[in-house]
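Overview (structure and organization)
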Amino acid sequence: MFENLNVWEVGALLLLALLIFGDRLPQVISDGLRMVRNLRNMARNATTDLSKELGTDIQLEDLHPKAFIRKHLLSEEDEQAIRKPLQGVYDNLRADVTGVHNDLKDVATSADPRTPAATPSAARATAPAASPPAPRAASYDEIT
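Below, the structure is looked at part by part. (Residues numbered from 1 in each chain as written. Predicted model: local features only at pLDDT ≥ 70, side-chain atom pairs only at ≥ 80, totals over all residues. Heavy atoms only, no water.)

Some points on the pattern of salt bridges
To keep things clear, this is the line we draw: Whenever Lys or Arg places a side-chain nitrogen within 4 Å of a carboxyl oxygen from Asp or Glu, that contact is recorded as a salt bridge. Strands are runs of DSSP state E lasting at least 2 residues, helices are runs of H or I lasting at least 4, and numbering of each runs from the N terminus. Relative accessibility thresholds used throughout: buried, under 20% of the residue-type maximum; exposed, over 50%; partly exposed, between the two (1.4 Å probe, protein chains only).
Summed over the entire model, instances satisfying the criterion amount to one salt bridge. Of the charged contacts in the structure, one is a salt bridge between arginine 34 and aspartate 31, with a shortest N-O distance of 2.9 Å. Residue arginine 34 and its partner aspartate 31 are both found in helix H2 (residues 25–54); the two are separated by three residues, about one turn of the helix. Arginine 34 gets classed as partly exposed once you look at its relative accessible area, which sits at 41%. On the basis of relative accessible area, aspartate 31 is assigned to the partly exposed category, the value being 34%.

Right, here's the structure in full:
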């Protein structure tokens, strides 16, 4: 929660809390901890009640709508049927991005002033042979 705060910022926050709450700071901290404990108990009770109602074992992480649908409503076949049309698009996109990445590497190598007498043809000759990008599927605009 506070992983992006350094020691000085945490110290400043503690000093500010001490100035604001003064002698009541221990009471405020205990009230805050009690509230967090009560919220955890309420969430645990809600998941237990929901598990009893549905007749399955539900964890708090399962209450996210996507996870709930994936775990309790879809079978493996349904999930694969949903993913299948998108898998081809993902593969094409990945091939295109890999091709662009390789092209950018070639340009960066040829433009690097640290390499002596680098030319685009020399950079390509020394670079390992990259596989050509996969044929591009027809776009939606080309089909319609």
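Still more ground to cover, so stick around.
Let's talk about helix H4 (residues 76–111)
One full turn of an α-helix is made of 3.6 residues, so residues set three or four places apart face in the same direction. The test is simple: Here the expected length of a helix is defined as 1.5 Å per residue gap, with one fewer gap than residues. Bending is quantified residue by residue as the angle between axes fitted to the seven-residue window ending at that residue and the seven-residue window starting at it.
Over its 36 residues, H4 runs 49 Å from end to end, which matches the ideal 52 Å to within 8%, given 1.5 Å per residue. Roughly 40 degrees is the biggest bend found in H4, and it falls at lysine 84, with proline proline 85 one to four residues downstream. Taken together, the buried positions of H4 are Glu79, Ala95 and Gly99.

What about a nonpolar patch on the surface?
Rules: Here a patch means residues that are over 30% exposed by relative accessible area and free of salt bridges, tied together within 9 Å if like-charged and within 5 Å if nonpolar (Val, Leu, Ile, Met, Phe, Trp, Tyr). Areas reported as accessible are Shrake-Rupley estimates using a 1.4 Å probe. Residue values count occlusion only from the protein chains shown.
On the surface, Leu13, Leu16, Ile20, Phe21 and Val28 cluster together to form a nonpolar patch covering roughly 410 Å² of accessible area. No other element matches helix H1 (residues 7–21), which puts four residues into the nonpolar patch. Inspection of the secondary structure puts phenylalanine 21 in helix H1.

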